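Survey of secondary and tertiary structure
Each chain is listed here by its residues.
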Amino acid sequence: MPADDLSLRCAVTDLYTHHHGWLQGWLRQRLGNGFDAADLAQDTFVRVLKARNAQDIREPRPYLSRIARGLLIDLFRRRSLEQAYLEALARVPEGEHPSPEEQSVLFQALMEIDRLLDGLGPKVKQAFLLSQCDGLTYEQIAERLQISVRSVSNYMAKAMEHCCLMQMRMQLS
């Protein structure tokens, strides 16, 4: 095993040994649930492993809590999206429900769209979704959001640019 790999492995082991319990408790306080806290604590350390920077971390608790906070946001966003999806599905007549496999694919697509739109302002995101998902014209979106058609056009350009940049980043990762 190369010296760099051994050094990284020792740094991750040390970080995990000294801070895993604290991190799990920190997450449990925020979630009120030990099972989710344990999962997110593990996911936090997986991120540390992937970053391959454990030996460079000078302040472990702020670093770990920053990663964990992002994972918490992702968890809450995913659950909120899942709840909205289940509520929409409940409004579909029983005979028209997609199969469990189709439901899974649809939900994954929703998660991907949400990930692509992350970072856009709420009105930009809403305008984009009204256009792409509901098929509304710019005039209809302007009326619904009580903004000008020019603002809708600017929002759409911003959303499209954002989506293209996010897709390029994902392809490069």
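On a predicted model such as this, the values are computed, not experimentally measured, just so you know.

1. Examining the UniProt feature "domain: RNA polymerase sigma factor 70 region 4 type" (unreviewed entry) in the protein chain
- Sequence positions flagged by UniProt for "domain: RNA polymerase sigma factor 70 region 4 type" (unreviewed entry) are, in local numbering, residues 111-163.
- Taken end to end, residues 111-163 comprises 77% helix and 0% strand; its first and last C-alpha atoms sit 14 Å apart.

2. Focus: helix α3 (residues 60-90)
- Taking 1.5 Å of rise per residue, the 31 residues of α3 would be expected to cover 45 Å, and the 44 Å separating its terminal C-alpha atoms lies within 8% of that figure.
- Burial in α3 covers these residues: Pro60, Tyr63, Leu64, Ser65, Ile67, Ala68, Leu71, Leu72, Leu75, Leu81, Tyr85 and Leu89.

3. Points about the nonpolar core
- Leu23, Leu27, Leu40, Val48 and Leu64 are the most contacted members of the largest nonpolar core, which totals 22 residues.
- Of all the elements in the fold, those that place two or more residues in this core are α1 (3-31), α2 (34-51) and α3.
- Looking at which element gives the most residues to this core, the answer is α1, with eight residues.
- If we ignore the near neighbours within four places in the chain, the residues touching Leu40 are Leu27, Leu31, Leu71, Leu72 and Leu75.

4. Description of the UniProt feature "domain: RNA polymerase sigma-70 region" (unreviewed entry) in the protein chain
- Those places that UniProt annotates as "domain: RNA polymerase sigma-70 region" (unreviewed entry) correspond, in this numbering, to residues 15-80.
- The span residues 15-80 shows a helical share of 85% and a strand share of 0%, and its end C-alpha atoms are spaced 32 Å apart.

5. Notes on the packing of α3 against helix α4 (residues 100-117)
- Interaxial distance between α3 and α4 falls to 11 Å at its minimum, and their mutual angle equals 135 degrees. The orientation of α3 relative to α4 falls into the category oblique. For the pair α3 and α4, the crossing hand works out as right-handed. Residues Arg77, Arg78, Leu81, Glu82, Tyr85 and Leu89 of α3 pack against Gln103, Leu106, Phe107, Leu110, Met111 and Asp114 of α4.
- Of the residues belonging to the contact of α3 with α4, the class tally is seven nonpolar, one polar and four charged.

6. Details of the packing of aromatic side chains
- Applying the stated criterion to the full structure yields three aromatic pairs.
- Taken together, a centroid distance of 4.9 Å and an interplanar angle of 70 degrees make the contact between Tyr16 and Phe45 edge-to-face. Taken as a pair, Tyr16 in helix α1 and Phe45 in helix α2 lie far apart in primary sequence, 29 residues in all.
- In this structure Phe45 comes out as buried when scored by relative accessible area, which is 4%.

So, how was this worked out
Residues numbered from 1 in each chain as written. Predicted model: local features only at pLDDT ≥ 70, side-chain atom pairs only at ≥ 80, totals over all residues. Heavy atoms only, no water. UniProt positions renumbered as here; feature names shortened; annotations may be inferred. Helix = DSSP H or I, 4+ residues; strand = E, 2+ residues; numbered from the N terminus. Expected span 1.5 Å × (residues − 1). Buried < 20%, exposed > 50% of the residue type's maximum accessible area, 1.4 Å probe, protein only. Core = buried A, V, L, I, M, F, W, Y, C linked by side-chain atoms within 4.5 Å. Contact = heavy atoms within 4.5 Å. Axes fitted to C-alpha atoms, helices over the stretch in contact; angles between N-to-C directions. Parallel < 35°, antiparallel > 145°, perpendicular 65-115°, else oblique. Left-handed = near helix turned anticlockwise from the far one by under 90°. Nonpolar A, V, L, I, M, F, W, Y, C, P; charged D, E, K, R; others polar. Phe/Tyr/Trp six-rings, centres within 6.5 Å; stacked < 30°, edge-to-face > 60°.

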